[in-house]
Amino acid sequence: MAERLAIQGGYPVRGSKLYYGRQWIDGEDVRAVEETLKSDFITCGPKVEEAERMLEDVTGSKHAVVVSNGTAALHCACLAAGIGEGDEVITTPLTFAASANCALYCGARPVFADVDPETYNIDPASIEAHITERTKAVVAVDFTGQAVKHKEIRELCDRHHLVFIEDAAHAIGTRYDGKPVGSLADMTCFSFHPVKTVTAGEGGAVTTNDDALYQKLVLFHTHGITHDEDLMEEAPHEGPWYYEQIMLGFNYRMTDFQAALLCSQLTKLDHFKKRRQEIVNRYNEAFADIPGIIVQKEIPESDTCRHLYIIRIDPGKLTCTRRQFVDALKAENIQPQIHYVPVYWFPYYRHLGYEKGLCPKAEEIYAGIMSIPLFPRMTDQDVEDVIHAVRKVTDHYRK
Ligand SMILES: *Cc1c(COP(=O)(O)O)cnc(C)c1O
């Protein structure tokens, strides 16, 4: 007989709550931040530069610009791509709103392409179907950390003269065809929010191999101000104090003590990736034996540093709704999260004229998914607790 669910008065699988994600800050991280706080520079100092060199190393890119958060990274990338009024930017609805908001910041219109029903990543065929003469860029999101189909997206961006921006907020440490994410698209954006694989508290970065884009990214993230004489208009200029604002930029800088945390965290990326992969493998193995649970398909080109683990319930095999499944897991003290409500469902987007039904595959996936706990500090027992709870709830609701 199936175990009695906690939501119906049975014993929960575990006593303490387990959340879907959590940062891992150790003594080394704390010491790195403390040292920087006691140094001469708490912003615009050597740690930001060190973090940029480390990111270039990790991503195999020519340039990295560290910024205040992942949203700022996306905004800077869109500005550097020259996106403006009247342009269209194609992205996925299964993402955090920032992947589409960055187009709105620039006066452009986000256009939502549908996703692949098995990988949940943006479908290159749907991108192609949405290209018009106004399309300027694609913002492709490596959803849950799995690399998008770079070969296909690169090819269609080249053919239609589009800028390929990759939102790799989930995907630091992932490789596509052996090459690190960050070295492949025209610009790649990262986030270092605490739920992401490595954290700076708040933080982001853009990487690129293109010198001209790099120069613009640098300007946009610090007011459009330059100290570089080659870029200045007034020459000869007034003296050594002189600098120029040559375009309208923002203050999207990261502090040095955040950068110190980022550097320290980046040294642990390989370790974090390995532990995440171990957990993913264990989940894959366990869920293969649980009818009613569908897992995300991986493309062979992606060597994934997985940020999220998503299970999808199969309505053909279970009697419950997603809501009931989530509530039952919560009662077992496993706290799932939903990634994501399709972006264009939000009232702000509805008021802009977007309607439900735009991307039927994404909406169907959304209806059945939840992210279960995945973070490197989980113990083997935590992982088994999650599997136990999923099995328990599934057994109860099996048709
Ligand atoms: C987290 C996230 C962002 C935004 O990053 P912030 O650092 O929170 O601004 C953008 N896109 C995706 C897909 C994300 O998950």
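Look up a bit, the structure's there.
A few points on the structure. The residue numbers shown here count from 1 along each chain, following its written sequence. Selection of residues for local features in this predicted model requires a pLDDT of at least 70, selection of side-chain atom pairs for listing and counting requires 80 or more, and totals for whole chains, interfaces and linings are taken over all residues. Side-chain calculation: all heavy atoms of the structure are included, whereas hydrogens and water are not.

## Here's the deal with the site of the ligand
For this description, a residue counts as near a given molecule or strand if any of its non-hydrogen atoms is within 4 Å of it. Around the ligand, the structure places 16 residues, and the nearest of them are G70, T71, D167, S191 and K196. For this analysis, a polar contact is any N or O atom pair within 3.5 Å, provided that within protein one partner can donate a hydrogen and the other can accept it, and provided that sequence-adjacent residues contribute only side-chain to side-chain pairs. One nitrogen or oxygen atom from the main chain of G70 is found 2.7 Å from an oxygen atom belonging to the ligand. At 3.3 Å from an oxygen atom of the ligand is found a side-chain nitrogen or oxygen belonging to Y340. To measure how exposed things are, a 1.4 Å probe is used in the Shrake-Rupley method; for residues, cover is taken only from the protein chains shown. Within the complex, 93% of the 380 Å² of free accessible area of the ligand lies under protein. Of all the cavities here, the one that holds the ligand is the second largest pocket. For the shell around the ligand, the secondary structure elements donating two or more residues are α3 (70–80) and α4 (98–105). In this description a helix means any DSSP run of H or I spanning at least four residues, a strand means any run of E spanning at least two, and both kinds are numbered starting from the N terminus. Residue contributions to the shell around the ligand peak at three residues, all from α3. Of the grid points, spaced at 1 Å and generated over the protein atoms alone, those admitting a 1.4 Å probe that cannot get out make up cavities, while open sets with protein on both sides within 12 Å along at least five of seven lines make up pockets; any residue with an atom within 4 Å of a point is treated as lining. More than half of a molecule's atoms within 2 Å of the grid points is what it takes for that molecule to sit in a cavity or pocket.

## Quick notes on the pattern of salt bridges
In what follows, salt bridge is the name for a side-chain nitrogen of Lys or Arg lying within 4 Å of a carboxyl oxygen of Asp or Glu. Considering all chains together, one arrives at 27 salt bridges under this definition. For E28, the salt bridge goes to K268, with nearest N and O atoms at 3.5 Å. Here the residue E28 occupies a position in helix α1 (residues 27–37), and K268 occupies one in the loop between α8 (256–266) and α9 (269–287), the gap between them amounting to 240 residues. Only protein chains enter the accessibility calculation, which uses a 1.4 Å probe. A residue is then buried if its area is under 20% of the maximum for its type, exposed if over 50%, and partly exposed in between. Given the relative accessible area of 45%, E28 is considered partly exposed. The closest approach of N and O atoms between E278 and R275, which form a salt bridge, is 2.8 Å. Here the residue E278 and the residue R275 both occupy positions in helix α9, the gap between them amounting to three residues, near one helical turn.

## Considering the sheet that holds strand β4 (residues 109–112)
Note on sheets: strands pair through backbone hydrogen bonds, and any given pair is parallel or antiparallel. Following DSSP output, two strands are said to pair if at least two bridges run between them. With mixed pairing, the seven strands of this open sheet are ordered in space as β2-β10-β9-β6-β5-β3-β4. Whereas interior strands pair on both sides, the edge strands pair on one side only; in this sheet they are β2 (63–67) and β4. Pairwise comparison of adjacent strand axes, ignoring direction, gives a mean angle of 25 degrees for this sheet. Of the strand pairs in this sheet, strand β9 (residues 187–191) and strand β10 (residues 204–208) are connected by four bridges, and their pairing is antiparallel. Looking at the pairing, T188 lines up with T207 of β10. In what follows, a contact means two residues having at least one pair of non-hydrogen atoms within 4.5 Å. Between N-to-C directions, angles span 0 to 180 degrees; the directions come from axes that are lines fitted to C-alpha atoms, helices contributing only their stretch in contact. Relative to the sheet, α4 contacts β3 (88–91), β4, β5 (135–141) and β6 (163–167), its axis offset from that of β4 by approximately 145 degrees.

In short, the description is geometric, and any link to function would need to be established separately.
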